[in-house]
Amino acid sequence: KASLRFVEFHNDFEATNSDGVTIYYNITSVSDFTCEVTSDGVSYSDSVEIPQSVVFKNRTWKVTSIGGDAFHDCVDLISVIIPNSVTSIDSYAFTNCKGLSQISIPNSVTNIGYASFSGCTGLNSLIIPNSVLSIDGNAFSYCTGLASITIPNSISRISNATFFGCNGLT
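Fair warning: this is a prediction, and the values are worked out from it, not measured in the lab. (Residues numbered from 1 in each chain as written. Predicted model: local features only at pLDDT ≥ 70, side-chain atom pairs only at ≥ 80, totals over all residues. Heavy atoms only, no water.)

> Describe the pairing of strand β1 (residues 13–16), naming the residues involved and giving the relevant values.
Only one face of β1 is buried, namely the one carrying Phe13 and Ala15, since none of Glu14 and Thr16 on the opposite face is buried. Relative to strand β2 (residues 22–29), β1 is paired through 4 bridges, and the arrangement is antiparallel. Within the sheet, the bridge partner assigned to Ala15 lies in β2 and is Ile23. (Buried < 20%, exposed > 50% of the residue type's maximum accessible area, 1.4 Å probe, protein only. Helix = DSSP H or I, 4+ residues; strand = E, 2+ residues; numbered from the N terminus. Pairing = 2+ DSSP bridges.)

> Summarise the state of the cysteines; cite the residues concerned and give the values.
Summed over all chains, the structure comprises 0 disulfides. Not part of a disulfide, Cys35 finds its nearest cysteine sulfur in Cys74, a span of 18 Å. The exposure class of Cys35 is buried, given its relative accessible area of 0%. Looking at the unpaired Cys97, the closest cysteine sulfur is the one in Cys120, lying at 5.0 Å. (Disulfide = S-S within 2.5 Å.)

> Requested: an account of the pattern of salt bridges, with residues and values cited.
Per the stated rule, a full pass over the model turns up 1 salt bridge. Among the salt bridges present, the one from Arg157 reaches Asp136, with a minimum N-O distance of 2.8 Å. Of this pair, Arg157 sits in strand β14 (residues 157–158) while Asp136 sits in the loop between β12 (134–135) and β13 (148–150), and the two are 21 residues apart along the sequence. On the accessibility criterion, Arg157 (38% relative accessible area) is partly exposed. (Salt bridge = Lys/Arg side-chain N within 4 Å of Asp/Glu carboxyl O.)

> Explain the environment of Gly41 residue by residue, including any values.
Note on placement: Gly41 falls in the loop between β3 (34–38) and β4 (46–49). Assessed through its relative accessible area of 46%, Gly41 is described here as partly exposed. Put simply, Gly41 and Val109 are 68 residues apart on the chain and 25 Å apart in space, counted from C-alpha to C-alpha.

> Describe the sheet that holds strand β9 (residues 102–104), listing the residues and the values that go with them.
A sheet is described by the order of its strands in space; here 3 strands give the open sequence β4-β7-β9, paired in parallel fashion. Strands with a single pairing partner mark the edges of an open sheet, and in this sheet they are β4 and β9. The sheet shows a mean angle of 15° between the axes of neighbouring strands, direction not considered. As paired strands, strand β7 (residues 77–81) and β9 are joined by 3 bridges and run parallel to one another. Each residue of the ladder has a partner; that of Ser79, found in β9, is Gln102. (Axes fitted to C-alpha atoms, helices over the stretch in contact; angles between N-to-C directions.)

> I'd love a proper account of the side chain of Ser85, names of residues and values included.
Here Ser85 lies in the loop between β7 and β8 (88–89). Engagement of the side chain of Ser85 in a polar contact is seen with the backbone oxygen of Val63, the distance being 2.6 Å. Beyond its immediate sequence surroundings of up to four residues, Ser85 is in contact with Gln52, Lys62, Val63, Thr64 and Ser108. (Polar contact = N/O pair within 3.5 Å; in protein donor to acceptor, adjacent residues only side chain to side chain. Contact = heavy atoms within 4.5 Å.)

> Got a sec to walk through the confidence of the model for the protein? Specific residues and values, please.
For the protein, per-residue confidence averages 92 on the pLDDT scale, and 94% of positions sit at 70 or higher. Across the protein, the secondary-structure element scoring lowest on mean pLDDT is β9, at 90, and the one scoring highest is β8, at 98. When the criterion is pLDDT under 50, residues 1–8 qualifies, and its contacts beyond four places in sequence or with other chains add up to 4 contacts. (pLDDT = per-residue confidence, 0-100.)

> Any chance you could break down the packing of aromatic side chains for me, citing the residues and the numbers?
Per the stated rule, a full pass over the model turns up 12 aromatic pairs. With 5.3 Å between their ring centres and 20° between their planes, Phe13 and Tyr25 make a pair best called stacked. Highlighted residues: Phe13 in strand β1 and Tyr25 in strand β2, separated in sequence by 12 residues. Of the two residues, Phe13 and Tyr25, neither departs from the other in class, the shared state being buried. (Phe/Tyr/Trp six-rings, centres within 6.5 Å; stacked < 30°, edge-to-face > 60°.)

> Which residues make up the pairing of β7, and what are the values?
Relative to β7, β4 runs parallel, the two sharing 4 bridges. Directly across from Glu49, in β7, lies its bridge partner Ile81.

Structural data, given as structure tokens:
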């Protein structure tokens, strides 16, 4: 039985990275000048490099998370470069990015959110860095191409169904 999920897109600002790709952001802390990558319903393709910081209103904002649904359903996205400033990958961040075959999770990430990579059938191997402490449920569910994953000793919690439907894992 299929369920529908409605996502409302909004963002606080946008900035163009060094490759000319426009990325959307939400401010997460005005006092700390931090922001997260968000979506505006754009479907990214090819490769996207997320910058460590962006300038908005003459201030430099540190990119600290990949927000929920940021790259959801970007089926033509092949690779993402995440900077060391990012500490969390939130729920549904990369869900159904079927073409995603290369992603490097930096040593700054401490949490991988619910269903964040669910349905990324193009992923075949993944190394989770020692900085990650928890992986939420369904984080890698239905990643049918995933053949190997390296999980560090730092992990204190792996939630239910994290690897559900990953039939290729050995």
